[in-house]
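Residues per chain, in single letters:
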Amino acid sequence: MPDPLVIPPGGRAFRTAFQALPLVAILRGLRPESAEAVGAALVEAGFRIIEVPLNSPQPFASIERLVRALPETALVGAGTVLDPADVDRVRDAGGRLIVMPHSDPAVLGRARALDLVSTPGVATPTEGFAALKAGAAALKLFPAEAMPPAVVKAWRAVFPPDTLMLPVGGIRPDTMKPYVDAGANGFGLGSALFTPKLALADIARNARAFAAAWRALGAAPD
């Protein structure tokens, strides 16, 4: 098994985007016809990591449009990836990021074989250490509502110091600080950032608010 402290090649791209802004935009429900405009608004606000969950309408078409429209510095991929075969479809659409609600070794292994970035969902230290050994670039602490800052602080005491931890679930600009103080490196952002019913101006406003809140914390991603 690979050493958990070794960053896989795809993970380096993730860390580069993370340095720009360690917030993952989760665009659940995004439609292909809105992809370019939403993606441009996020990038303008500073976002560099964008995830289209596979239970969205025509997710591979949205991923393909985002990849074509956004700069190379933007890392685009899929969330809610449950099947190893879908990892290939994400790669074929130009995506470079595989996000999961769980930690399936088959999905992680396929992502690693294709040199794609994987951020699996974990809720226990056992899952977290196994995911790192399988090549995860970061750990998605999910759901964050069930993993308060005290849990993040406890994990920090035992995980390798360069492990990237991202709470996901119910995060808002005003709830980030306790997690950062406990050792979180960044966040995955869902409905507080984007829903398909929001106007583009509101999505852009939300994106700017999250980016400003992060920068106001003066936090470093690793």
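This part takes up the overall build of the protein. On a plain count of helices and strands, the protein comes out with nine helices and nine strands. Computed over the C-alpha atoms, the radius of gyration of the protein is 16 Å, within 12% of the 17 Å expected from 2.2 N^0.38 for a compact globule of 222 residues. Seen along its three principal axes, the alpha-carbon backbone of the protein occupies a region of about 45 × 40 × 25 Å. Considering only contacts within the protein whose residues lie at least 6 apart along the sequence, 62% involve residues at least 24 apart. Of the roughly 9400 Å² that the protein leaves accessible, carbon and sulfur atoms contribute 57%. Put simply, the protein has 22 plus and 20 minus side-chain charges, and the middle of one group is 3 Å from the middle of the other.

One open sheet holds the six strands; their spatial order is E5-E4-E3-E2-E1-E9, and the pairing between them is parallel. Either end of the sheet is taken by a strand with one partner, and the two such strands are strand E5 (117-119) and strand E9 (187-189). The sheet shows a mean angle of 25 degrees between the axes of neighbouring strands, taken without regard to direction. Where strand E4 (residues 97-99) lies against E5, three bridges are found, and the strand directions are parallel. When the sheet's bridge partners are listed, Val99 is paired in E5 with Thr119. Helix-sheet contacts for helix H3 (residues 59-69) involve strand E2 (49-53) and strand E3 (75-79), and the interaxial angle to E2 is about 160 degrees.

Here we take up helix H5 (residues 105-113). Looking at H5, one finds that the buried residues are Val107, Leu108 and Ala111. Looking down the long axis of H5, one finds its buried residues gathered within 100 degrees of arc, a one-sided arrangement. Exposed side chains of H5 directed beyond 90 degrees from the buried face belong to Pro105 and Ala113. Its side-chain oxygen at 2.9 Å from the backbone nitrogen of Ala106, Asp104 defines the N-terminal cap of H5. Directly beyond the C-terminal end of H5, a positive phi value near 60 degrees is found at Asp115.

Attention now goes to the nonpolar core. If you look at soluble globular proteins, the nonpolar side chains tend to sit buried side by side. The biggest cluster of nonpolar side chains holds 60 residues, and the ones touching the most others in it are Leu23, Leu42, Phe47, Ile98, Phe187 and Leu193. Sort the elements by how many residues they give to this core and helix H9 (residues 200-217) lands first, with six residues. Counting 13 residues, the second-largest nonpolar core is a separate cluster that includes Phe14, Ala17, Phe18 and Val117.

Let us look at the sheet that holds strand E8 (residues 165-167). Ordered in space as E6-E7-E8, the three strands form an open sheet in which the pairing is parallel. With one partner strand each, in any of the chains shown, strand E6 (121-122) and E8 form the two edges of the open sheet. Sheet topology places E6 next to strand E7 (residues 139-141); two bridges connect them, and they run parallel. Among the inter-strand pairings, Gly121 is bridged to a residue of E7, identified as Lys140. Sheet contacts for helix H7 (residues 149-156): E6, E7 and E8; angle to E7, the most-contacted strand, approximately 150 degrees.

What counts, and at which threshold
- Residues numbered from 1 in each chain as written.
- Predicted model: local features only at pLDDT ≥ 70, side-chain atom pairs only at ≥ 80, totals over all residues.
- Heavy atoms only, no water.
- Helix = DSSP H or I, 4+ residues; strand = E, 2+ residues; numbered from the N terminus.
- Rg over C-alpha atoms; globule rule 2.2 N^0.38 Å.
- Contact = heavy atoms within 4.5 Å.
- Areas by Shrake-Rupley, 256 points an atom, 1.4 Å probe, with all protein chains shown as cover.
- Lys, Arg positive; Asp, Glu negative; His and termini not counted.
- Charge placed at Lys NZ, Arg CZ, Asp CG, Glu CD.
- Pairing = 2+ DSSP bridges.
- Axes fitted to C-alpha atoms, helices over the stretch in contact; angles between N-to-C directions.
- Buried < 20%, exposed > 50% of the residue type's maximum accessible area, 1.4 Å probe, protein only.
- Arc of directions from axis to C-beta.
- Polar contact = N/O pair within 3.5 Å; in protein donor to acceptor, adjacent residues only side chain to side chain.
- Core = buried A, V, L, I, M, F, W, Y, C linked by side-chain atoms within 4.5 Å.

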